[in-house]
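Below, each chain spelled out in residue letters.
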Amino acid sequence: MHKYFLKRIVLLIPVLLAVSFVIFTLMYLAPGDPGSAILGASAPPEAIREFNESVGFYDPFLVRYGNFLKDLLHLDFGDSYVSKEPVMDEIVKRLPTTVQVATYSMLVAVLVGVPLGVLSAVKQYSLADSISRVLAITLTAVPFFWLGLMLIYWFALKIPIFPSFGVGSLRHYVLPCVSLGLTYAARELRMTRSCMLETLRMDYIRTTRAKGAREKTVIWRHAFKNALLPIITMIGSHFGALLGGAILTESVFSIPGLGTYLISSIRGKDMPAVLGTAMVLAIMFCLVMLVVDLLYAMIDPRIKAKFAK
Amino acid sequence: MSKKLLSLLLVFLMVFSLAACGGDNTGDDEGAVDNTDRALNLAVNAAFQPLDPNTQNNLNTKWVWYQVYEGLVYYDYLEQEVVPKVAESWNVSDDNLTYTFTLRDGVKFHNGDAVTADDVVFSFERAMEGPALMNHVAAIDKVNKIDEKTVEIVLKNTYAPFWQYLSEIYIMSEAFVTAQGGDINSAACGTGPYALTKVDLAVGIEAEAFADYYGDAPAIKNVVWNVITDTAAAAMSLQSGDLDFLEIAFSQVSQMEGNEVLEVGTKPDVHTSYLAFNCESDLFKDARVRQAISYLINVEEIAIGAFEGFADTDTLTMHPNLTGMPDMSEMEAYQYTYDPEKGLALLEEAGFDTSQEMDFGTILTLPESHYLFKPAQIIQGQLAKHNIKVELEPYEAATMFEKLFGGDYTMGVCGGSYGNDASGYATIHGSSAMGALGGCCSYLVDERLDELFAQGVAEMDLEKRKEIYGEITKIMFENCPQVGVGHKQVKVAWNKDVDVVLRDFPLISEWSFTA
């Protein structure tokens, strides 16, 4: 197991390097310059040039990328061009909000999606199955920012029980996390249903039933436990995506998380902030996937056995 | 079974979303509120830029400065008068070159320090170094401290918009700025009625009434500016009562007007959208071609199509309400009115075969800006009716500016507000501003115009200024380096329980809660 763990950790290095290269190159190739974006269109060209020089904008690509990597090793993303504060401080300030949104949304997704998926599989072709499937298709098709706007309309405007934007109390998280969570719940539902259906058709399930086991035991102990492997992988990757992918939801609900910070930094050509935020999101995604892989290895005896040899 | 369910669900979804699109008459029915602690919730549509007033001119950030900072005076555009602020009184020399200000007693900065003449000199010297206040300080030669309570500003030449610009040269605490190492991008220490309490440029800014303010204490004690980038979400927040005041999109006006708890109004603004021609390009070297295109554009259609009727229609490239602009009635005869016959005749005269399709290249435009992109689309359609083929060339802001001010274009739809004075004309038409970012992009040199720009800015008599800018406007129509396509209005909506005074940058200290 230690060998497996080490291998997964070492694999993170080339992945993060590749991510850093892609993000840096994209930002490098993006049109415009930070001086014009920050000083504004009415600033004299000399002031813009001076600003660009001061942040090393005119340095060759490799020099800039090399400097970026050097700083990255110390987890130093430099100072934001806009706020002049260290990017790391800005990220640390916003990270808890993003993690909270991702966690609550995932909770909604799992609590709604997984039980409905199991129910749908166990009662295949029943009314419950049809409702679940239609719900899953609809929620997958509906963009979550639209769902967010609808939730604001109904639950902040028509029936004003939740605030329409910002954070501060748990009530603020309800609408964004429900809108995001329901979209992911649909995916968990479909995945759980198909995995459960596949497992329920296995010979060992038939054998368990033939041996006279109770249906509850067959479903939860034998079928669900075995169907869990791909579901966990999916939940893990969805959680990783939620950490960095809640940008639109953060924007609709004006949540001060990493998503809104990333968007405003891209608009303001704030390169250190964009690179820093993107790298942190990539690192978090990789770490979540690492945890998922380790969990997978712990649950799946085949992986455990392979590395135990 | 599933088909029936799917249909039911789809019907439900349609009803759900259609209901959400309709008007709304609900209000905040939570009952009476204690206004002492109630914060005024405002929204801006994009993250704030750094708070240092010497670094940029972002409109959202400027709105905050107007509450936190003050100049020696405030120029009231509604009343067209100079209001004393940090300075209590002043004298102007006969030659209009020396302005002597006496500072008001008891004015304090938000850190508790009293304002001194040294702070005033420091603030002006700092403004003269920064890029953002280039026009504001253009005429200032030097600023001298006469004594602890008196400061003298000496101009290089007479400067008509001096008072307007003076109100945006903010008085800062030298001690505070020095203690911050010159970095006041996330902090502010002014003399205004509100002091900042929390700053997060990407999220929002909070302020509270400054207890030691020398003037009347503001009725509203706490103000919050929230960054809400999604316009639909912001509109719903206003209707739900989570926001108190909001700049709204034209498409939201009728919905807001139908809401009984909201009031809708128009904020004073001097914006102009215009079509710029690159006069150095082969196509537009000939003035007749530029004039022809101007006759083929129907600004009334643009006002309806692009601004939903919320625009003033004329073909001026400067807003007629700017101080010093001539009376519109005198300019009527020179305006470009939609006249296809005249336009096509001018094209024939310039050597075009109007019976064949004419390729006029591209129109540079900015998709992220509705009031620049929509006019470009409409112009494309209007020209197509007369066999003129143009393609839209959409870019994001930085690239568009690069192309526009680098002369790499044929036509482009631009826009902006160039101060509140007619001298802003020189910013986009003067040869000295040619090729500068945000300056002149038409590349047409006219020595007579340059002379008139210099006279206009230096002339102190308003009537004479109007004559000068009248002549400038006539020449502009004749040369036609650009043609105006409308002045968009700025629509705002607010809760009826807030008493507001609308200005280009509203002063919150003038507002109050009525319920």
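Below or above, wherever it landed, is the structure these notes cover. (Residues numbered from 1 in each chain as written. Chains lettered and ligands numbered in written order. Predicted model: local features only at pLDDT ≥ 70, side-chain atom pairs only at ≥ 80, totals over all residues. Heavy atoms only, no water.)

Below, the discussion takes up the overall build of chain A. Secondary structure assignment for chain A yields 14 helices and zero strands. Counting helices and strands in the order they occur from the N terminus, chain A gives α-α-α-α-α-α-α-α-α-α-α-α-α-α. Each of the three principal axes of chain A carries a C-alpha extent, and together these read 85 × 60 × 30 Å. A total of 309 residues make up chain A; the buried ones form 50% of that total. Considering only contacts in chain A between residues 6 or more positions apart, those separated by 24 or more positions represent 73%. (Helix = DSSP H or I, 4+ residues; strand = E, 2+ residues; numbered from the N terminus. Buried < 20%, exposed > 50% of the residue type's maximum accessible area, 1.4 Å probe, protein only. Contact = heavy atoms within 4.5 Å.)

A word on the pattern of salt bridges. Here the structure, examined in full by the defined rule, presents 29 salt bridges over all chains. Asp200 of chain B is the salt-bridge partner of Arg94 of chain A, the closest N and O atoms lying 2.3 Å from each other. You can see Arg94 of chain A sitting in helix α5 (residues 87-122) and its partner Asp200 of chain B sitting in strand β8 (residues 194-200), one on each of two chains. A salt bridge links Asp129 of chain A to Arg193 of chain A; the shortest N-O distance between them is 2.8 Å. With Asp129 of chain A in helix α6 (residues 127-141) and Arg193 of chain A in helix α8 (residues 170-200), this pair connects stretches of sequence that are 64 residues apart. With a relative accessible area of 0%, Asp129 of chain A lands in the buried category. Shared partners join several salt bridges into a network, and the residues in it are Glu90, Lys93 and Arg94 of chain A together with Asp200 of chain B. (Salt bridge = Lys/Arg side-chain N within 4 Å of Asp/Glu carboxyl O.)

In total, this model carries 39 aromatic pairs over all chains according to the counting rule given. Ring geometry for Phe61 of chain A versus Tyr65 of chain A: centroids 6.1 Å apart, planes at 10 degrees, classification stacked. Placement of both Phe61 of chain A and Tyr65 of chain A in helix α4 (residues 61-73) is noted, with a separation of four residues, approximately one turn of the helix. The pair formed by Phe61 of chain A and Tyr65 of chain A is uniform in burial state, with each residue classed as buried. The interplanar angle of 35 degrees and the centroid separation of 6.4 Å between the aromatic rings of Tyr65 of chain A and Phe68 of chain A together place this pair among those described as tilted. Placement of the pair is Tyr65 of chain A and Phe68 of chain A together in helix α4, with a separation of three residues, close to one helical turn. Clustering of aromatic rings is evident, with ring pairs tying together Phe21, Phe24, Tyr28, Phe61, Tyr65 and Phe68 of chain A. Between Arg187 of chain A and the ring centre of Tyr184 of chain A, over which it is positioned, the NZ or CZ distance is 4.6 Å. One cation-aromatic arrangement involves Lys488 of chain B over Tyr371 of chain B; the distance from NZ or CZ to the ring centre is 4.5 Å. (Phe/Tyr/Trp six-rings, centres within 6.5 Å; stacked < 30°, edge-to-face > 60°. Lys NZ or Arg CZ within 6 Å of the ring centre and 35° of its normal.)

Here we take up the sheet that holds strand β14 (residues 311-312) of chain B. Residues and elements named next belong to chain B. The sheet built from six strands is open, its strands ordered β14-β18-β13-β17-β15-β16 with mixed pairing. What marks the edges here is a single partner per strand, and that holds for β14 and β16 (388-394). In terms of strand pairing, strand β13 (residues 272-277) meets strand β18 (residues 482-488) through four bridges, oriented antiparallel. The residue bridging Leu275 from the neighbouring strand is Val483, located in β18. Against the sheet, helix α8 (residues 287-296) contacts β13, β15 (358-365), β16 and β18, and its axis sits at roughly 140 degrees relative to β13. Each of β13, β14 and β18 touches helix α9 (residues 299-307); the most contacted strand, β18, lies at about 45 degrees to it. (Pairing = 2+ DSSP bridges. Axes fitted to C-alpha atoms, helices over the stretch in contact; angles between N-to-C directions.)

All names here are of chain B. Here five bridges tie strand β4 (residues 87-92) to strand β5 (residues 98-103), and the two strands are oriented antiparallel to one another. When the sheet's bridge partners are listed, Val92 is paired in β5 with Tyr99. With antiparallel pairing between neighbouring strands as the criterion, β4 and β5 make up a hairpin whose turn holds five residues, including Asn96 at a positive phi of roughly 60 degrees.

Turning our attention to the packing of helix α12 (residues 258-267) of chain A against helix α13 (residues 271-299) of chain A. Axes are the key here: two packed helices are described by the angle between their axes and the distance separating the axes. Residue and element names in this part refer to chain A. α13 packs onto α12 with a crossing angle of 145 degrees between their chain directions and a minimal axis gap of 8 Å. Between α12 and α13 the crossing geometry is left-handed. Residue-level inspection shows Leu258, Tyr261, Leu262, Ser265 and Ile266 of α12 in contact with α13, the latter providing Ala273, Val274, Thr277, Ala278, Val280, Leu281 and Met284. Among the residues forming the contact of α12 with α13, the class breakdown is ten nonpolar, two polar and no charged. (Left-handed = near helix turned anticlockwise from the far one by under 90°. Nonpolar A, V, L, I, M, F, W, Y, C, P; charged D, E, K, R; others polar.)

Strand pairing in a sheet takes place through backbone hydrogen bonds and is either antiparallel or parallel in direction. All names here are of chain B. If you walk across this open sheet you meet the four strands as β4-β5-β7-β6, and the pairing is antiparallel. On the outer flanks of this sheet lie β4 and β6 (140-147), each paired with one strand and no other. Neighbour-to-neighbour, the strand axes of this sheet turn through a mean angle of 20 degrees, independent of strand direction. Bridge analysis of β5 against strand β7 (residues 150-155) gives five bridges, and the strand direction is antiparallel. Its bridge partner lying in β7, Tyr99 is registered against Ile153.

Bringing helix α1 (residues 2-29) of chain A into the picture now. An α-helical turn contains 3.6 residues, so a residue and the one three or four places further along point in the same direction. Across its 28 residues, α1 of chain A extends 41 Å between first and last C-alpha, which sits within 8% of the 40 Å expected from 1.5 Å per residue. Along α1 of chain A, the residues that are buried comprise Tyr4, Arg8, Leu12, Leu16, Ser20, Ile23, Phe24 and Met27 of chain A. (Expected span 1.5 Å × (residues − 1).)

Turning our attention to the environment of Leu170 of chain A. By secondary structure assignment, the location of Leu170 of chain A is in helix α8. Separated by 70 residues in sequence, Leu170 of chain A and Gln100 of chain A place their C-alpha atoms 10.0 Å apart.

Here we come to helix α3 (residues 117-129) of chain B. Residue and element names in this part refer to chain B. With 13 residues, α3 should cover 18 Å at 1.5 Å per step; its first-to-last C-alpha distance of 19 Å lies within 8% of that length. Taken together, the buried positions of α3 are occupied by Ala117, Asp119, Val120, Val121, Phe122, Ser123, Phe124, Arg126 and Ala127. If you follow the buried residues of α3, they end up packed against β5, β6, β7, α4 (162-166) and α5 (174-179).

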